[in-house]
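This is what each chain is made of:
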Amino acid sequence: MMEQIFTEPDTIRQALSQARDLADRGQWRTAVDVLELAEQSRPTAALQRALVDLRIQGGRALAGSGQGLAEPLFNGPGPRIAMVSPQADQATDLPEVAAADLSVAAVREALSEHGALLVRGLVKRERALTLRRLLDRVMAAREAREPCEEPASAWYARSPEVRGAPARFFAAPGEPVSASSSLWTVDSPHATARLLALYRQLRLPELLNAYFGEPALLSVKKWVLRRVAPDNGAEAGWHQDGRFLGEGIATLNLWLSLSDCGADTEAPGMEIVANGRREILPTGSHGADFDWTVGPGLVEQVAPDSRFVPRFAPGDALIFDHFNLHRTAFGVAQSLPRYAIEAWFFAQSRAPLKQQPVLF
Ligand SMILES: O=C(O)CCC(=O)C(=O)O
Ligand SMILES: [Fe+2]
């Protein structure tokens, strides 16, 4: 027992220094592997924080390097604002697969023809509900407004590698626990470690690698833990993330529901346009509330019959990319908050630095 107490910090120190050496030689992925292994066999807050630091340093070093598919993805010329063709698109449907049938081919086909793919039961219900409790815990830690740690879990700690102002997502003091709250996943080194272990079990790195023709990166700013309060009758803004993510990118977003939400449920869902349009639409016009949102008049014009508010169960996921037009779907008589995790993956060679790439 004594021996264990004295040798543990040594093991950790060793892993940290080995990872540092590897990183200094540019072997970022191996460096991350070393720390990940150490963290998985013995989770500590210090290792979790060191991993987040390393992932951001590595993401910054690797973004823009390497080479993707010689052939571009089916997604056309990249995000620039297109002329809106007057004729509306054909009505279409939102394709879905069971988790066991998730494949690169299924993603490719669904996105090129319908702009999105629903994956039923990607994560088992119990696991999704455990993640939901984890989100609550992290949000409570953040609302305490100071770093929050236990020996084995860095619940909330902002990495010195994160650039820019803190995410503005603080709930007002005294706001009820059901209030909306969003935070950057990397602000919880514990959640970061647990989610990446899940992504690996789901074999997402392999799927993304095959899809992009190169490794993928996450990012500080577009990997978000989110709790959306019921806001009965509210209208969220229609948007395409390609409007602001950066130029010349290749992306996939894994939006993972941790609640029963959408359709006839008690919690806000997602409203999504399912069609094959691969262009960035003009924003700030046709009755839009913001300069980055697509006006409802234009949505009606381009997608009169292809808007869906699917019903999600905890563990169901929606996969789409930066061309997809969507918004939060508020109901008119809902009573529960909705929990979800939004994870935008970028092809490494085209990952935008301004989103602060994260190696995984
Ligand atoms: O979770 C939501 O309601 C919005 C998510 C979103 O816009 C996205 O994942 O890009
Ligand atoms: Fe979005």
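Not measured: the values here are computed from a predicted model.

A.B. asks: What should I look at first to understand the overall build of the protein in this one?
C.D. replies: The secondary structure content of the protein amounts to eight helices and 14 strands. Counting only residues that meet the buried cut, the protein has 53% of its 360 residues in that class. For the protein, the proportion of contacts with a sequence separation of at least 24, taken over those separated by at least 6, is 82%. Total accessible area computed for the protein in this model is approximately 15800 Å², and 54% of it derives from carbon and sulfur atoms.

A.B. asks: Can you walk me through the sheet that holds strand β9 (residues 269–273) in this structure?
C.D. replies: Across a sheet, paired strands are connected by hydrogen bonds in the backbone, their directions being either parallel or antiparallel. Strand order in this open sheet of three strands is β10-β9-β12, and the pairing throughout is antiparallel. Both edges of this open sheet fall to β10 (307–308) and β12 (326–329), since each of them pairs with a single strand only. The pairing of β9 with β10 spans two bridges and is antiparallel. Of the residues in β10, the one forming a bridge with Ile272 is Phe308.

A.B. asks: Which parts of the structure should I look at to understand the coordination of the iron ion (ligand 2)?
C.D. replies: Around a metal, the idealised angle for a tetrahedral arrangement of four donor atoms is 109.5 degrees; for an octahedral arrangement of six donor atoms it is 90 or 180 degrees. For the iron ion (ligand 2), the full set of protein donor atoms is His239 (NE2), Asp241 (OD) and His326 (NE2), at a range of 2.1 to 2.2 Å. Counting residues between consecutive donors of the iron ion (ligand 2) along the chain gives the motif H-x1-D-x84-H. Residue Asp241 is found in the loop between β7 (223–228) and β8 (251–257), and its partner His326 is found in strand β12; the two are separated by 85 residues along the sequence. Comparing Asp241 with His326 shows no difference in burial state: the two are buried.

A.B. asks: Would you take a moment to explain helix α3 (residues 45–62) for this structure?
C.D. replies: In an α-helix there are 3.6 residues to a turn, and that puts residues three or four apart on one side. Its 18 residues give α3 an end-to-end C-alpha distance of 26 Å, which sits within 8% of 26 Å, the value for a rise of 1.5 Å per residue. Along α3, 13 of the 18 residues are buried, which leaves the element largely enclosed by surrounding structure. Looking at the residues trailing α3, positive phi occurs at Gly64, about 90°.

A.B. asks: Mind showing me how you'd approach the site of ligand 1 here?
C.D. replies: Residues in close proximity to ligand 1 include Arg226, His239, Asp241, Asn253, Trp255, Met270, Phe320, His326, Thr328, Arg338, Glu342 and Trp344, which together make up its full environment. Within the contact set of ligand 1, an oxygen atom lies 3.1 Å away from a side-chain nitrogen or oxygen of His326. Thr328 is positioned such that a nitrogen or oxygen atom in its side chain is 2.5 Å from an oxygen atom of ligand 1. Considered on its own, ligand 1 offers 300 Å² of accessible surface; in the complex 96% of this is hidden by protein. Of all the elements in the fold, those that place two or more residues in the shell around ligand 1 are β8, β12 and β13 (338–347). Residue composition of the shell around ligand 1, by class: four nonpolar, four polar and four charged.

A.B. asks: How should the pairing of β13 be read in this particular structure?
C.D. replies: In summary, the side chains of a regular strand alternate between the two faces of the sheet. For β13, the buried fraction is high: ten of the ten residues fall into the buried class. A two-sided burial pattern is seen for β13, the buried positions comprising Arg338, Ala340, Glu342, Trp344 and Phe346 on one face and Tyr339, Ile341, Ala343, Phe345 and Ala347 on the other. Looking at chain direction, strand β6 (residues 216–219) and β13 are connected through two bridges and run antiparallel. Directly across from Leu217, in β13, lies its bridge partner Phe346. Summarising the sheet, β7 and β13 pair through six bridges and their orientation is antiparallel. Looking across to β13, one finds that Arg226 is bridged to Ala340. The pairing of β8 with β13 spans seven bridges and is antiparallel. Looking across to β13, one finds that Ser257 is bridged to Ala340.

A.B. asks: Honestly, unusual backbone geometry in this entry has me stumped. Any pointers?
C.D. replies: A negative phi holds for most residues other than glycine; trans holds for most peptide bonds. Residues other than glycine seldom take positive phi values, yet Ala263 does so here, at roughly 45°. Structurally, Ala263 is set in the loop between β8 and β9. Even without a glycine there, the phi angle at Gln356 is positive, about 60°. Relative to the helices and strands, Gln356 resides in the loop between β13 and β14 (357–358).

A.B. asks: Got a minute to help me understand the side chain of Thr265 in this structure?
C.D. replies: Within the secondary structure, Thr265 is located in the loop between β8 and β9. Separated by 2.7 Å, the side chain of Thr265 and the backbone oxygen of Gly262 make a polar contact. A distance of 3.3 Å separates the side chain of Thr265 from the backbone oxygen of Ala267, its partner in a polar contact. Those residues in contact with Thr265, other than ones at most four positions away along the chain, are Asp260, Arg311 and Gln334.

What counts, and where the lines are drawn
Residues numbered from 1 in each chain as written. Chains lettered and ligands numbered in written order. Predicted model: local features only at pLDDT ≥ 70, side-chain atom pairs only at ≥ 80, totals over all residues. Heavy atoms only, no water. Helix = DSSP H or I, 4+ residues; strand = E, 2+ residues; numbered from the N terminus. Buried < 20%, exposed > 50% of the residue type's maximum accessible area, 1.4 Å probe, protein only. Contact = heavy atoms within 4.5 Å. Areas by Shrake-Rupley, 256 points an atom, 1.4 Å probe, with all protein chains shown as cover. Pairing = 2+ DSSP bridges. Donors = N, O, S within 2.8 Å, 3.2 Å for Na, K, Ca; no water. Expected span 1.5 Å × (residues − 1). Near = heavy atom within 4 Å. Polar contact = N/O pair within 3.5 Å; in protein donor to acceptor, adjacent residues only side chain to side chain. Nonpolar A, V, L, I, M, F, W, Y, C, P; charged D, E, K, R; others polar.

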